[in-house]
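# Residue-level structural notes
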Amino acid sequence: MPPQTVLIGLDGATFTILTPLMEQGVMPFLRQFQQQGVRAVVRSVTPPLTPPAWASVMTGKLPGQHGVFDFFQREGSESHHLRFVTAEDVGTETLWTLASRHGRRVVVLNFPLTFPPPPVNGCLVPGGWVPWRQLRLGCYPPGLFDRLRALPGFNARELVLDMALEARALEGCAPEEYLAWIDLHIRREQRWGEVLQALVRTEAPDLVAVLFDGLDKIQHLCWRFLDPALASTLATPWEQAVAARCRDYFRQLDALLATCSALADPAATVFLVSDHGFGPARTVWYLNAWLEQHGYLAWAPTADQPITTDPQLGFRAIARHLSYLDWHRTVAYAPTPTGHGLYLVRRRPDGGVALTEDEYQRQRQALAAALRAARHPATGQPLVTAVATREEVFAGPYQDRAPDLVLSLAPGTLISILRGPAAVVERAEVVGTHHPEGVFLAAGPGLRAGVQGPSFSLVDVAPLVLHSLDLPVPEDMAGRVPPGLYRAEFLRHRPVRRGPASALRPAPSTAGARLFDAEAEATMLARLRALGYIE
Amino acid sequence: MNDAGYLRLLAEVLETLQDLAADWEYSRPLTPATTFFGDLGFESLDLVVLGAALQRRYGRLPFAEFLATLGQQGRQDITVGDLVAFIRQHVAQGA
């Protein structure tokens, strides 16, 4: 039996890039797919970041309801230690576990937050940050890894994270290594396509979900080679060669999408969705330096130590960013560059009370006002479009894991948590950064054809997938099947059914061990920096 | 945990590592003296992810504190025996 529903994740895909590529003939399948189905802009979550955004796709819930806010997580609500988020941090059922509970068979490939693997009715191969050496531990069910290893051309190093292969990017990706970097991602997507084809043949899944994440990585590093608005700036043969290789990535991705779609039943529904969009960025906001300038943060005397990004990981002393702070004189800090969040210091590491409840509320309000008033020193433009409290944005059972304040950055702005030369610095070259507007394309029974639907929230994807599987949508899901996508007569014939609330999982933040040591954190930060996530 | 418990734990960890090491084409015998970084070519992230898998089996393990302590002692590497002793100590405390 071919799958009934195919969910294809395109990490970071944006119509800014895809539409011109469709028009230029680089992505003929996607163009045809769009003509046969419905297209819409999908609004990401706050922050528009891979872990919380894909968690919202998987759960149909907002971050405060599923518990993932960043790549990293504080150990407890008052902790000054970070650990790396895992599948254990997703505090509610996912599409895969819901479908499995209803007896549907699933094949899930390369999604983040799937390690350690949750038991499913089918097969799961994790994505995200799982190193190739540990892939066996991440595959579900036991024995799946050996089946994959028997596939012709199977290469674990290319399929998931291999720091040796990614060292180029860690070191900043020298110009002569751009093409090899892009080629690696072309091969990586092909490897996932091969795994997908093999498992669809043997597993007869009802739901297939596969994530292609090379778009995100290539757009971070190569935005200026992809953005049509910057095409006139590509003057050298090398720049034109990189731009051509980027288009080749998308050309081959298009062929893969055609293959994935062909695996499904002609009556199946195929969804293509991104977790967030992308856009250009040039402004670097050294947020902790800004906090220092405004009297909210103080560096410890050891803060002049250089930060080592040496990927050779022994037990050499690699200081963590948070260890650079003077906790007795710091009121607020940004622990990571990715989550766009700020924490206020309510308790010091020694357990002493730093802020009473009244002081906390007063300081948070004052800081929010100062952040709203923050301006680019050269242009006078705001650095944020919004500053919200966690109660405003992250209401839900996991709210206490969230930052005290969260920023929505002005377009073109990146955050750095390092001690910068100034609070705001302009980069020499444009890079890609996340944008709140992602893509949605779908074709299948009942879906309108050749139309642009109204934009909708990322949390609406899970109800769409469940409905396509003829499963009830849990009543506690924040998302719903959005209007304007299906023909009215189809929904009359097949209405959306609501079901009981999905199960919550116990919060692991205090029960679980810290998984992320100082060196691993430094490595992850270095990798995120190399990929353009952070400065 | 008694000696039998320790040996069972050692066997379980070695079995897990043996399964993984076969994927890396690591052919030398695995013993309590095998080092993760020097012998097995681990990176820190490998150890973190292995720790996540072990915690699913053994419950909460203060992995970061364990690594930090070794770092403070100036240790440049960690042996399989170090890891098993750490798990044993923790499981014994939690028992």
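The following refers to the structure shown.

Procedures and definitions
- Residues numbered from 1 in each chain as written.
- Chains lettered and ligands numbered in written order.
- Predicted model: local features only at pLDDT ≥ 70, side-chain atom pairs only at ≥ 80, totals over all residues.
- Heavy atoms only, no water.
- Pairing = 2+ DSSP bridges.
- Helix = DSSP H or I, 4+ residues; strand = E, 2+ residues; numbered from the N terminus.
- Axes fitted to C-alpha atoms, helices over the stretch in contact; angles between N-to-C directions.
- Buried < 20%, exposed > 50% of the residue type's maximum accessible area, 1.4 Å probe, protein only.
- Lys, Arg positive; Asp, Glu negative; His and termini not counted.
- Salt bridge = Lys/Arg side-chain N within 4 Å of Asp/Glu carboxyl O.
- Contact = heavy atoms within 4.5 Å.
- 1 Å grid on protein atoms, 1.4 Å probe; cavity = no way out; pocket = protein on both sides within 12 Å on 5 of 7 lines; lining within 4 Å.
- Points joined across faces, edges and corners; volume = space filled by probe spheres on them.
- Nonpolar A, V, L, I, M, F, W, Y, C, P; charged D, E, K, R; others polar.

## As for the sheet that holds strand β9 (residues 277-286) of chain A
The pairing of strands in a sheet happens through backbone hydrogen bonds and is either parallel or antiparallel. Residues and elements named next belong to chain A. With respect to topology, three strands assemble into an open sheet ordered β14-β9-β15, the strand pairing being mixed. If you trace the sheet from one side to the other, it starts and ends with β14 (413-416) and β15 (424-435), each paired once. Going across the sheet, the axis of each strand differs from the next one's by a mean of 40°, ignoring polarity. Alignment of β9 against β15, held across eight bridges, turns out to be antiparallel.

## Points about the side chain of Asp213 of chain A
All names here are of chain A. Position of Asp213 relative to the elements: it lies in the loop between β7 (207-212) and α11 (214-226). At 4.0 Å, Lys217 is the nearest oppositely charged side chain to Asp213, a buried residue that forms no salt bridge. Discounting chain neighbours no more than four positions away, the residues touching Asp213 are Asp11, Asn110 and Glu189.

## Side note on the environment of Gln361 of chain A
Note on placement: Gln361 of chain A falls in helix α14 (residues 357-372). Classification of Gln361 of chain A as partly exposed rests on a relative accessible area of 33%.

## Considering empty space enclosed by the protein
Residues and elements named next belong to chain A. According to the stated counting rule, one finds six cavities of 30 Å³ or more in the structure shown. Roughly 110 Å³ of volume is contained in the second largest cavity. The wall of the second largest cavity is formed by 14 residues, among which Asp70, Phe72, Pro335, Thr336 and Tyr343 lie closest to the centre. When residues of the lining of the second largest cavity are traced back to their parent elements, those giving at least two are β3 (72-74) and β11 (341-344). Top contributing element to the lining of the second largest cavity by residue count: β3, with three residues. For the lining of the second largest cavity, the per-class residue count stands at six nonpolar, five polar and three charged.

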